[in-house]
Amino acid sequence: NAGVMQNPRHLVRRRGQEARLRCSPMKGHSHVYWYRQLPEEGLKFMVYLQKENIIDESGMPKERFSAEFPKEGPSILRIQQVVRGDSAAYFCASSQVTSGRAGYNEQFFGPGTRLTVL
Amino acid sequence: LAKTTQPISMDSYEGQEVNITCSHNNIATNDYITWYQQFPSQGPRFIIQGYKTKVTNEVASLFIPADRKSSTLSLPRVSLSDTAVYYCLVGENSGGYQKVTFGTGTKLQVIP
């Protein structure tokens, strides 16, 4: 059972270009989360999605950032017109449908995509 | 979400037991305590989760006092491969998911 897959692992963009980050959740997982990690900092929640639905995007910047999790295919985090401040590691995590056991909702993380904006 | 406070860094020799304490004074009744481990250039990995008293698995133990305002992650007999950043998270599993924010974590350095 493959873990969470993210690609590309490293992405270099020039200011003003678009960045598209892809995440394939673990088999059987229908919940996807995106986090951003700046150097020497912890991960910050960006968005939580289920298939074809954005459930919580309270951590996502209002402009230039968007996320989707289509019925078929990976989840995509898109950053339009990238700026130097977007340089960070972007992690995707997935989890199963909640088991009903309160509190248990282990998130499995991918290896991350390291975005560098020149 | 309850704010957490943990030491920025710790050093330990191989073979020793390591205890990392996390303070969460404003923890809510429905909040669970979760610890993750992150190696350089990798995503975090779930270690252990608990609500109260003591939880133990094959990797670690988690001690939570009655007032739940703190918790201690205990790693028995650490090895060099345990060098990593350890995050303490507190959050409610509401609406079918747990929206968490990772603090800066505790950077554990295991010394040979």
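Note that the structure is predicted; figures quoted are calculated from it, not measured. (Residues numbered from 1 in each chain as written. Chains lettered and ligands numbered in written order. Predicted model: local features only at pLDDT ≥ 70, side-chain atom pairs only at ≥ 80, totals over all residues. Heavy atoms only, no water.)

> Which residues make up the state of the cysteines, and what are the values?
Residues and elements named next belong to chain A. Using the criterion set out here, one finds two disulfides over all chains in the structure. Each sulfur of the disulfide joining C23 and C92 lies 1.8 Å from the other. Handedness of the C23-C92 disulfide follows from its S-S torsion of about -50°: it is left-handed. One end of the pair, C23, is in strand β3 (residues 19-24); the other, C92, is in strand β9 (residues 88-95), with 69 residues separating them in the sequence. (Disulfide = S-S within 2.5 Å. Helix = DSSP H or I, 4+ residues; strand = E, 2+ residues; numbered from the N terminus.)

> Quick one: what's the story with the nonpolar core, residue by residue and with numbers?
Ranked by size, the top nonpolar core spans 23 residues in total, and within it W34, M46, L77 and Y90 of chain A carry the most contacts. Leaving out residues up to four positions away in the same chain, Y90 of chain A has contacts with Q6, L21, Y35, R36, M46, F65, L77, I79, G112, T113 and L115 of chain A. Core analysis: the second largest hydrophobic core is formed by 20 residues, I64, L73, V78 and L108 of chain B among them. (Core = buried A, V, L, I, M, F, W, Y, C linked by side-chain atoms within 4.5 Å. Buried < 20%, exposed > 50% of the residue type's maximum accessible area, 1.4 Å probe, protein only. Contact = heavy atoms within 4.5 Å.)

> Tell me about the pairing of β9 of chain A, residues and numbers included.
All names here are of chain A. Judged by how many residues are buried, β9 sits mostly within the fold: eight of eight residues are covered. Alternating residues of β9 divide into A88, Y90, C92 and S94 and A89, F91, A93 and S95, and every residue in both groups is buried. In terms of strand pairing, strand β4 (residues 31-37) meets β9 through seven bridges, oriented antiparallel. The partner of Y35 across the bridge, within β9, is F91. Bridge count between β9 and strand β11 (residues 113-117): three bridges; the pairing is antiparallel. Paired with Y90 across the strands is T113, a residue of β11. Sheet analysis places β9 next to strand β10 (residues 108-109), joined by two bridges and oriented antiparallel. The residue bridging A93 from the neighbouring strand is F109, located in β10. (Pairing = 2+ DSSP bridges.)

> An account of unusual backbone geometry is needed here, citing residue identities and associated values.
Looking along the chain, the bond that leaves N7 of chain A and enters P8 of chain A is cis, with omega of -5°. Positionally, P8 of chain A belongs in the loop between β1 (5-7) and β2 (10-13). Not every positive phi belongs to a glycine, and E52 of chain A is a case in point at roughly 65°. One non-glycine residue, R68 of chain B, lies in the positive phi region at around 60°.

> Mind laying out the environment of F69 of chain A, listing which residues take part and the relevant values?
Residues and elements named next belong to chain A. Checked against the element boundaries, F69 lands in the loop between β7 (65-68) and β8 (75-79). A residue is classified by how much of its surface remains accessible, and F69, at 3% relative accessible area, is buried. For the pair F69 and L49, spaced 20 residues apart in sequence, the C-alpha to C-alpha distance is 6.5 Å. If near-sequence neighbours (up to four positions away) are discounted, F69 is found in contact with P25, S30, V32, L49, Q50, K51, E52, P74 and S75.

> Describe the pattern of salt bridges, listing the residues and the values that go with them.
All names here are of chain A. Inspection of the entire model under this criterion finds four salt bridges over all chains. Close ionic contact of K44 with E41 constitutes a salt bridge, the shortest N to O distance being 3.7 Å. With relative accessibility at 31%, the residue E41 sits in the partly exposed group. Notably, a salt bridge pairs R64 with D86, separated by 2.7 Å at the nearest N-O pair. Separated by 22 residues along the polypeptide, R64 in the loop between β6 (53-56) and β7 and D86 in the loop between β8 and β9 bring together distant segments of the chain. Through salt bridges with shared partners, a single network forms among E18, R20 and R78. (Salt bridge = Lys/Arg side-chain N within 4 Å of Asp/Glu carboxyl O.)

> Go over the environment of R14 of chain A, please, and point to the residues and values.
Relative to the assigned elements, R14 of chain A resides in the loop between β2 and β3. For the pair R14 of chain A and V117 of chain A, spaced 103 residues apart in sequence, the C-alpha separation works out to 5.4 Å.

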